[in-house]
Amino acid sequence: MVFKQRYILRTILIVLGVILALTGAFVGEQYYRWHICNFVSRDGEPHEYNIYAGSTTDSVLNLLREDYEISSETDLKLHMRYFVLNYPEEGHYRFPAQIGDRELIERLKYGHQTPVRITWNHFVRTREDLAGKVTRHLLMDSVTLLHLLEDDAFLEPYGLNKETSRCLFIPNTYEVYWNITPDQLFNRMQREYNTFWNDTRRAKADSLGLTPIEIAIVASIVEGESHNKNEMPLIASLYLNRVRKGMLLQACPTVKYAVGDFKLRRILYRHLAIDSPYNTYKYPGLPPGPIRCPAPETLDMVLNAPKTDYLFMCANPALNNTHIFSSSYGNHSAAARQYRYTMDTIQWNK
């Protein structure tokens, strides 16, 4: 009798042990798949995806299967049902090489996106170029952004218009969400703009008798004249002097902008005759907007330009990417004649 009772007790303990072991293994596996790893990248690298509004979990899993081995789809679907993930939130997501169900599900369910980088430089000249650069990695299309860059009513609260809208977009690299809305984008750019145009820089602009937008216009012309950073402060000083004296700026880069041909090597008389507010040989003062998106360092060059009496500049006849600066028209004319002679000689010898 005692032996039989011991046998029954031992059997019960063994069964309980097996049950506990199986339960522990199940719980352990669930914990591992949930918290640590259920997805393993086939190439050992992270992968990025754009999830559009209305996507289902099945469509997202089809994307993931292309790059990841899913250790247990049964566990994954169990977890998705339990945590009610039917329609992932729209967004851009970057998943690591190994990821557990919890992180994947929570990010998709609550829209915990990975920011994308948008970047453009000072070589962006037109609104079309800017719209294309900014939206290259965004859900927003370039046509939508271009329309807003040319919508005076939309731009008015920002203190901008169609011609000056590019001033808001200071060249740099910014992190934003892939599905950022147009309003959010402009508000973000305004915050970045105000960060750059702090009290110190605004005070410097005011001391020059110019607004931040007018500084940007001058800076865009400086960049159009030369990429020689040693000369750019002198070029800035020259144009500031012309602005103060109310002279025609006679800036060749603005003529190129008016013509719409940025590869022009020589400005001819027929180019100077074009009727455009950007033709600074024809219309006095600054043009209505920048001719490119000037870099932050160029804006600072204008704000901190040295004091000179230069009013004229001419490309150096030595063709060494420098200029000859003059304070008198006579000296300028002599340099210009020598430059034209050099260019004509080159043309004849072709």
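First, a word on what this report is: a plain description of the structure on this page. (Residues numbered from 1 in each chain as written. Predicted model: local features only at pLDDT ≥ 70, side-chain atom pairs only at ≥ 80, totals over all residues. Heavy atoms only, no water.)

**Describing the pattern of salt bridges**
Between side chains of opposite charge, a pair can form when the charged atoms approach closely.
Thinking step 1. Considering all chains together, one arrives at 12 salt bridges under this definition.
Thinking step 2. The partner of R42 in a salt bridge is E69, and the shortest N-O contact between them spans 3.3 Å. Of this pair, R42 sits in the loop between strand 1 (39–41) and strand 2 (47–51) while E69 is found in strand 3 (residues 68–70), placing the two residues 27 residues apart along the sequence.
Thinking step 3. R42 sits in the partly exposed class, given a relative accessible area of 47%.
Thinking step 4. One salt bridge connects K229 with E297, and the closest N-O pair in it is separated by 3.2 Å. (Salt bridge = Lys/Arg side-chain N within 4 Å of Asp/Glu carboxyl O. Helix = DSSP H or I, 4+ residues; strand = E, 2+ residues; numbered from the N terminus. Buried < 20%, exposed > 50% of the residue type's maximum accessible area, 1.4 Å probe, protein only.)

**Brief notes about the packing of aromatic side chains**
Thinking step 1. All chains considered together, the criterion is met by 17 aromatic pairs.
Thinking step 2. Residues Y82 and F83 carry aromatic rings whose centres are separated by 4.8 Å and whose planes lie at 75° to one another, so their mutual orientation is edge-to-face.
Thinking step 3. By way of ring pairs, the aromatic residues W120, F154, Y158, F169, Y174 and F186 are connected into one cluster.
Thinking step 4. Over the ring of F196 we find R201, and its NZ or CZ is 3.9 Å from the ring centre. (Phe/Tyr/Trp six-rings, centres within 6.5 Å; stacked < 30°, edge-to-face > 60°. Lys NZ or Arg CZ within 6 Å of the ring centre and 35° of its normal.)

**Some remarks on the environment of D261**
Thinking step 1. Inspection of the secondary structure puts D261 in the loop between helix 12 (252–259) and helix 13 (269–272).
Thinking step 2. By relative accessible area, D261 is classed as partly exposed at 33%.
Thinking step 3. Polar side-chain contacts of D261 include one of 3.1 Å to the backbone nitrogen of K263. (Polar contact = N/O pair within 3.5 Å; in protein donor to acceptor, adjacent residues only side chain to side chain.)

**A short note on unusual backbone geometry**
Thinking step 1. At V84, a residue that is not glycine, the phi angle is positive and equals roughly 50°.
Thinking step 2. At L319, a residue that is not glycine, the phi angle is positive and equals roughly 55°.
Thinking step 3. With respect to the helices and strands, L319 occurs in the loop between strand 8 (312–315) and strand 9 (323–326).
Thinking step 4. Taking the relative accessible area as the measure of exposure, L319 reaches 44% and is therefore partly exposed.

**Some thoughts on the sheet that holds strand 3**
Thinking step 1. The strand order across the open sheet formed by 3 strands is 3-1-5, and the pairing between neighbours is antiparallel. Each edge of the open sheet is held by one strand with a lone partner, namely strand 3 and strand 5 (98–99).
Thinking step 2. Where strand 1 and strand 5 come together, 2 bridges link them in antiparallel fashion. In the strand pairing of strand 5, F39 is matched with I99. (Pairing = 2+ DSSP bridges.)

**A few points about helix 6 (residues 142–149)**
Thinking step 1. All buried positions along helix 6 are accounted for by L145, L146, L148 and L149. The arc enclosing the buried residues of helix 6, seen along the axis, measures out at 160°, which places them on a common side. Structural note: helix 6 exposes V143 and H147 on the side pointing more than 90 degrees away from its buried face.
Thinking step 2. Packing partners of the buried residues in helix 6 comprise helix 5 (127–134), helix 7 (152–155) and helix 8 (182–196).
Thinking step 3. Of the residues flanking the start of helix 6, the one acting as N-cap is D141, its side-chain oxygen 3.0 Å from the backbone nitrogen of V143. (Arc of directions from axis to C-beta. Contact = heavy atoms within 4.5 Å.)

**Quick notes on the nonpolar core**
Thinking step 1. By size, the foremost hydrophobic cluster in this structure holds 62 residues, and its most contacted members are F169 and F186.
Thinking step 2. Among the elements that make up this core, the one with the highest residue count is helix 10 (residues 212–225) (8 residues).
Thinking step 3. F186 has contacts with L145, L148, L149, F154, L155, Y158, L168 and F169, leaving out every residue within four places of it along the chain.
Thinking step 4. Among the nonpolar cores identified, the runner-up in size contains 18 residues, and L61, L64, L76 and I105 belong to it. (Core = buried A, V, L, I, M, F, W, Y, C linked by side-chain atoms within 4.5 Å.)

**Digging into the side chain of T164**
Thinking step 1. Along the chain, T164 turns up in the loop between helix 7 and strand 7 (172–176).
Thinking step 2. Once residues within four sequence positions are removed from consideration, T164 is found in contact with I213, P288, G289 and P290.

**Concerning the environment of V40**
Thinking step 1. Take V40: it is sitting in strand 1.
Thinking step 2. You can call V40 partly exposed: its relative accessible area is 30%.
Thinking step 3. Between the C-alpha atom of V40 and that of A97, which follows or precedes it by 57 residues, the distance is 5.8 Å.
Thinking step 4. Residue contacts for V40: discarding those within four places in its chain leaves D67, Y68, E69, A97 and Q98.

**Notes on the side chain of R127**
Thinking step 1. Secondary-structure assignment places R127 in helix 5.
Thinking step 2. A distance of 3.2 Å separates a polar atom in the side chain of R127 from a polar atom in the side chain of E150.
Thinking step 3. Apart from the residues lying within four places of it in its own chain, the contact partners of R127 are L146, L149, E150, K162, E163, S165 and R166.

**As for the packing of helix 5 against helix 6**
Thinking step 1. Two elements in contact, helix 5 and helix 6, have axes whose closest approach is 8 Å; the angle formed by their N-to-C orientations is 135°. The angle between the axes of helix 5 and helix 6 places the two elements in the oblique class. Between helix 5 and helix 6 lies a crossing of right-handed hand. Here R127, E128, L130, A131, G132 and V134 of helix 5 come into contact with helix 6, specifically with S142, L145, L146 and L149.
Thinking step 2. Per-class residue counts for the contact of helix 5 with helix 6 are 6 nonpolar, 2 polar and 2 charged. (Axes fitted to C-alpha atoms, helices over the stretch in contact; angles between N-to-C directions. Parallel < 35°, antiparallel > 145°, perpendicular 65-115°, else oblique. Left-handed = near helix turned anticlockwise from the far one by under 90°. Nonpolar A, V, L, I, M, F, W, Y, C, P; charged D, E, K, R; others polar.)

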